[in-house]
Amino acid sequence: MKKIDVIDRWLEGHSEKAGLACYEKYVGIKDWDMNRFDEERRERLLEPGLLEYSQKIAESSPDPVEKRRGEVLSRLLSRAYIDLDKDVYGRRNGIEEILMKFRPKVAGKEMGRTEVRELMRKDEDRDMRREAYLSDNPLGELFKDEGIRLFLRRNELVRRIPWTRKLGFENYPECILNLLGIPLTRLLSIFKKTKEETEKYYSDFIEFAREELGVKELMPWDIPYILQKTVSLPDKYFPRDNLIPSLKKTVESFGKDFDALNINIRFVDIPYGGLCFGIRIPDDMRILLNPRDGHRWYGTIFHEFGHALQGASIRQDSFILKGSEGPFSEGMADVWGGLPSLPEWLESFTGIPHPEIDRFMKARIFDLIYGIRSIMVWSNFEIEAYKNPDSDLDEVWNRLMREYLLIDSAGKRWASNYFILTYPMYAQNYLLSPMIKEQVYAFLRRKFGGLLGSPDVLNYITENLYADGCLFPWTEKIEKATEKPFGPDDLIRVIESLP
Ligand SMILES: [Zn+2]
């Protein structure tokens with residue numbers, strides 16, 4: 001067997017083992033020590049000469065599929081040099097460990113994260129919402145020194161590894177964005193354009209929110225509440241019990257049998273909105289979330305299902321080609337996650353009266369823009385923090401909050417945003433994913449005259465976006481499948497087309 005095939009098999013087996021352990025840890029079946037799996041990966045993947053071997057295949061294999069495997073593997077190994085540094089994964093796993101055990105306290109009472117989020121969205125009492133928002137402050141205190149050490153260490157590794165030194169990367173974000181196929185300069189220009197295009201809508205919204213609440217200064221705990229109150233559809237149309245049945249019905253409307261897909265969904269409290277595990281692609285995909293009643297949760301379960309369906313639809317023998325880059329993977333999840341917010345979906349799958357749907361369609365733009373601009377705070381923060389880890393990071397966070405969200409950060413809180421520590425340089429994918437989604441939607445509408453209720457639509461997506469895994473770079477895939485280069489235009493058009 002060729003060496004690349006040996007590695008391929010090893011990766012597949014190990015990823016199944018580690019994925020299962022991680023899943024069991026979240027579900028509470030077994031408290032695995034995740035360091036063990038990183039140590040095993042480190043031993044195998046950092047074997048001397050392996051990176052050079054994969055680079056050689058990428059450069060000179062006459063077989064295009066093998067060449068691509070070499071490329072993807074060399075990128076994976078390059079990342080391993082940073083992520084599998086003992087200091088890096090030790091600290092990261094330590095943070096994750098604390099997170100899993102942390103129980104936030106609101107008004108002296110311990111509660112689950114979903115409850116805290118619900119409180120922040122729905123409680124009439126501003127002080128309660130404030131308490132809910134600030135309930136993760138203890139995490140910020142615990143994580144801030146660790147966070148800075150992680151920034152410094154990752155940068156140091158980027159500068160030390162010969163292949164990154166050769167490419168002249170100064171810091172971790174530059175290196176990772178390059179590996180993701182979206183260089184820093186390109187990302188920053190997308191940020192700039194998106195910020196400019198949404199500026200007026202967003203400041204109008206802030207003005208409106210201030211009047212609605214009758215306050216002089218809006219605080220971070222006011223915005224989710226205002227959005228829930230003025231944008232959201234009533235919870236009564238979106239009971240928790242109907243989440244899975246409604247997902248099933250939607251899947252069936254595309255001519256697919258939900259039960260025949262090996263996708264397992266389980267409700268359990270987790271530190272994130274939802275999680276999808278590709279334990280064994282394509283045969284064993286699992287979803288965890290802890291939903292309540294409400295439209296938002298429909299978006300979440302559909303999003304996670306989008307991840308799972310993409311994995312379940314991959315037809316590749318090589319494990320190396322079964323993966324996908326973050327922006328693409330989130331984009332594919334958003335293609336599903338966006339369905340419950342389409343007027344045609346709301347009409348077909350819920351009993352909501354027309355005027356209510358119209359109102360929602362007009363108001364949801366605020367939700368969308370707030371989401372996009374929040375992501376830009378997170379992502380810009382990471383870029384700046386790695387660039388100047390010694391600067392006053394609370395000050396940086398506050399400046400970005402004011403610049404993008406026009407509100408104060410309410411204290412020294414950068415490290416309470418633990419997502420950037422456990423999933424470093426991932427936030428930008430949530431800005432790129434709605435762009436991918438809108439570009440795919442716009443194309444499907446042109447080609448098929450609509451998005452819902454047609455097996456042709458899902459067949460097209462499966463054939464052109466899912467099946468071949470990462471045989472081609474994601475920007476190339478999007479360009480080929482939508483007949484135009486990837487960019488923010490379709491998302492911006494959606495924003496502009498609203499009244
Ligand atoms: Zn996702």
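Time to look at the overall build of the protein chain. Broken down by element type, the protein chain carries 23 helices and 5 strands. Taken over C-alpha atoms, the radius of gyration comes to 22 Å for the protein chain, in line with the 23 Å a tight globule of 499 residues would show. Each of the three principal axes of the protein chain carries a C-alpha extent, and together these read 65 × 55 × 45 Å. Buried positions account for 40% of the 499 residues belonging to the protein chain. When contacts within the protein chain are restricted to residue pairs at least 6 apart in sequence, those whose partners lie at least 24 apart make up 71%.

Turning to its location among the elements, Leu491 is positioned in helix α23 (residues 489-496). Note: C-alpha distance between Leu491 and Ala442 (49 residues apart in sequence) is 9.4 Å. Beyond its immediate chain neighbours, meaning those up to four positions away, Leu491 contacts Pro434, Met435 and Glu438.

This paragraph deals with the packing of helix α11 (residues 184-213) against helix α12 (residues 223-230). Look at α11 against α12: their axes get within 11 Å of each other, and the N-to-C directions meet at 85°. The angle between α11 and α12 places the two elements in the roughly perpendicular class. When α11 is examined against α12, the residues Ala209, Glu212 and Leu213 are found in contact with a partner set consisting of Ile223, Ile226 and Thr230. In the contact of α11 with α12, the residues fall into 4 nonpolar, 1 polar and 1 charged.

Remark on secondary structure: sheet strands pair via backbone hydrogen bonds, oriented parallel or antiparallel. Pairing is mixed across the open sheet formed by 3 strands, whose spatial order is β3-β5-β4. Unpaired on one side and paired on the other, β3 (263-267) and β4 (274-280) mark the two borders of the sheet. Within the sheet, the average angular offset between the axes of one strand and its neighbour, ignoring direction, is 20°. On the sheet, helix α1 (residues 3-27) packs against β3, β4 and β5 (284-289) and is oriented at approximately 145° with respect to β4. Against the sheet, helix α14 (residues 295-312) touches β3, β4 and β5, its axis set at about 165° to β5.

Partitioning the protein chain into domains gives domain 1 (1-84) and domain 2 (167-261 + 297-499). Using C-alpha coordinates to define each centre, domain 1 is positioned 28 Å away from domain 2. In terms of residue count, helix α4 (residues 64-83) provides more of the side of domain 1 that touches domain 2 than any other element does, 7 residues in total. Along the lines of polarity and charge, the residues of the side of domain 1 that touches domain 2 split into 3 nonpolar, 1 polar and 6 charged.

The phi angle of most residues is negative, glycine excepted, and most peptide bonds adopt the trans form. Going from Ile281 to Pro282, the amide bond is cis rather than trans, its omega being 5°. Even without glycine at this site, Met425 takes up a positive phi of about 50°. Tracing the backbone through its elements, the reader meets Met425 in the loop between α19 (419-422) and α20 (429-448). Exposure remark for Met425: the 21 C-beta atoms within 10 Å place this residue in the buried category.

As a packed pair, helix α17 (residues 354-387) and helix α18 (residues 393-405) sit with axes 9 Å apart at the nearest point and diverge in direction by 150°. Our classification of the angle between α17 and α18 gives roughly antiparallel. Crossing of α17 against α18: the hand is right-handed. Residues Arg373, Ser374, Met376, Val377, Asn380, Phe381, Glu384 and Ala385 of α17 form the contact with α18, whose participating residues are Leu393, Val396, Trp397, Leu400, Met401, Tyr404 and Leu405. Tallied by class, the residues present in the contact of α17 with α18 amount to 11 nonpolar, 2 polar and 2 charged.

This next bit is on the pairing of β4. One ladder, built from 6 bridges, connects β4 with β5; its direction is antiparallel. The partner of Cys276 across the bridge, within β5, is Ile287. Hairpin connection of β4 to β5: 3 residues between the antiparallel strands.

Below, the discussion takes up helix α22 (residues 474-482). Along α22, the residues that are buried comprise Trp474, Thr475, Lys477, Ile478 and Thr482. Viewed along the axis of α22, the buried residues span an arc of 160°, placing them on a single side of the element. The secondary structure elements touched by the buried residues of α22 are α15 (326-337), α20 and α21 (455-466).

It is worth spelling out the nonpolar core at this point. Across soluble globular proteins, nonpolar side chains show a tendency to be buried alongside one another. In terms of nonpolar packing, the biggest core is built from 116 residues, with Ile301, Phe305 and Ala308 touching the most fellow members. Each of domain 1 (1-84) and domain 2 (167-261 + 297-499) accounts for three or more of the residues forming this core. With residues near it in sequence (within four places) discarded, Ala308 still touches Ile263, Cys276, Met285 and Ile287.

Calculation rules
Residues numbered from 1 in each chain as written. Predicted model: local features only at pLDDT ≥ 70, side-chain atom pairs only at ≥ 80, totals over all residues. Helix = DSSP H or I, 4+ residues; strand = E, 2+ residues; numbered from the N terminus. Rg over C-alpha atoms; globule rule 2.2 N^0.38 Å. Buried ≥ 20, exposed ≤ 12 C-beta atoms within 10 Å, placed from the backbone. Contact = placed C-beta atoms within 7 Å. Axes fitted to C-alpha atoms, helices over the stretch in contact; angles between N-to-C directions. Parallel < 35°, antiparallel > 145°, perpendicular 65-115°, else oblique. Nonpolar A, V, L, I, M, F, W, Y, C, P; charged D, E, K, R; others polar. Pairing = 2+ DSSP bridges. Domains from an automatic or database assignment. Left-handed = near helix turned anticlockwise from the far one by under 90°. Arc of directions from axis to C-beta. Core = buried A, V, L, I, M, F, W, Y, C linked by C-beta atoms within 7 Å.

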